[in-house]
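Here's the letter readout for the chains.
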Amino acid sequence: MAQTRRTFIASAAVLTAGVASGMSLTTMETKEKKQLAHHVFFWLKNRDSKEDLNKLIEGLNTLKKIETIRSIHIGIPASTEKRDVVDNSYSASELIFFDDVEGQNTYQVHPIHKKFVENYSHLWEKVIVYDAIDL
């Protein structure tokens, strides 16, 4: 059957409507997922030990292999202005972003994370976690 201009336009309209509705479903699904930020602060037992700090950072870097991590920032306190609201008493921190709560839940029970805790927890005396989710 030969395609006329009218049937071509009708087919294109149906295809466009289908793609548009598929895209809106995807957009809606993405908006339902709320990104989670997981910020962990570590205080070393031996605060002045560069060796212990390097070991902790080595361990934190192993976490990068966990598939649900979207991005990770590993750092130490910055030399910023001293103010009452700034706490730079920690030794190191990790800031990890996940697509959603499920991604963070997977991370918590992941063998790499469990091995990190097992192999490096002897280095720290205190850990504080702040989890935040998109509005």
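Structural data are supplied above this passage.
Note that residues are indexed from 1 along each chain, following the sequence as it is written. Restriction of local features to residues with pLDDT of at least 70 applies here, the model being predicted, together with a cutoff of 80 or more for giving and counting side-chain atom pairs; totals for whole chains, interfaces and linings are based on all residues. For the side-chain quantities, the full set of heavy atoms in the structure was used; hydrogens and water were omitted.

1. Section: the environment of Ser93
- Segments assigned H or I by DSSP are reported as helices when at least four residues long, segments assigned E as strands when at least two residues long, and all are numbered from the N terminus. Following the sequence through the fold, Ser93 ends up in strand β3 (residues 92-98).
- Exposure is judged per residue with a 1.4 Å probe applied to protein chains only, and the accessible area is read against the type maximum: over 50% gives exposed, under 20% gives buried, and values in between give partly exposed. Here Ser93 falls in the buried class, since its relative accessible area comes to 5%.
- The sequence separation of Ser93 and Phe42 amounts to 51 residues, and the corresponding C-alpha distance is 6.0 Å.
- If sequence neighbours within four positions are ignored, Ser93 has contacts with His39, Val40, Phe41, Phe42, Leu60, His73, Ile74 and Gly75. Residue contacts are counted whenever heavy atoms from the two residues lie within 4.5 Å of one another.

2. Topic: the sheet that holds β3
- Between any two strands, pairing holds if DSSP finds at least two bridges. Taken together, the 4 strands give an open sheet; going across it, the order is β2-β3-β1-β4, and neighbouring strands pair in antiparallel fashion. Two strands bound the open sheet, and with one partner strand each, they are β2 (69-75) and β4 (124-133). Pairs of neighbouring strands in the sheet enclose a mean axial angle of 15 degrees, with direction left out of account.
- Here 6 bridges tie β2 to β3, and the two strands are oriented antiparallel to one another. When the bridges of β3 are listed, Ser71 appears paired with Phe97.
- Relative to the sheet, helix α2 (residues 50-62) contacts β1 (36-44), β2, β3 and β4, its axis offset from that of β1 by approximately 155 degrees. The convention used is that axes are lines fitted to C-alpha atoms, helices contributing only their stretch in contact, and that angles between N-to-C directions extend from 0 to 180 degrees.

3. A look at the packing of aromatic side chains
- For Phe, Tyr and Trp, where Trp contributes only its six-membered ring, two rings pair if their centres lie within 6.5 Å, and the inter-plane angle classes them as stacked under 30 degrees, edge-to-face over 60, or tilted in between. Using the criterion set out here, one finds 8 aromatic pairs in the structure.
- With centroids separated by 5.0 Å and ring planes inclined at 55 degrees, the aromatic side chains of Phe42 and Trp124 adopt a geometry described as tilted. Placement of the pair is Phe42 in strand β1 and Trp124 in strand β4, with a sequence separation of 82 residues. Note on accessibility: Phe42 and Trp124 belong to one class, buried.

Such coordinate-based values are descriptive only and should not be taken to indicate function.
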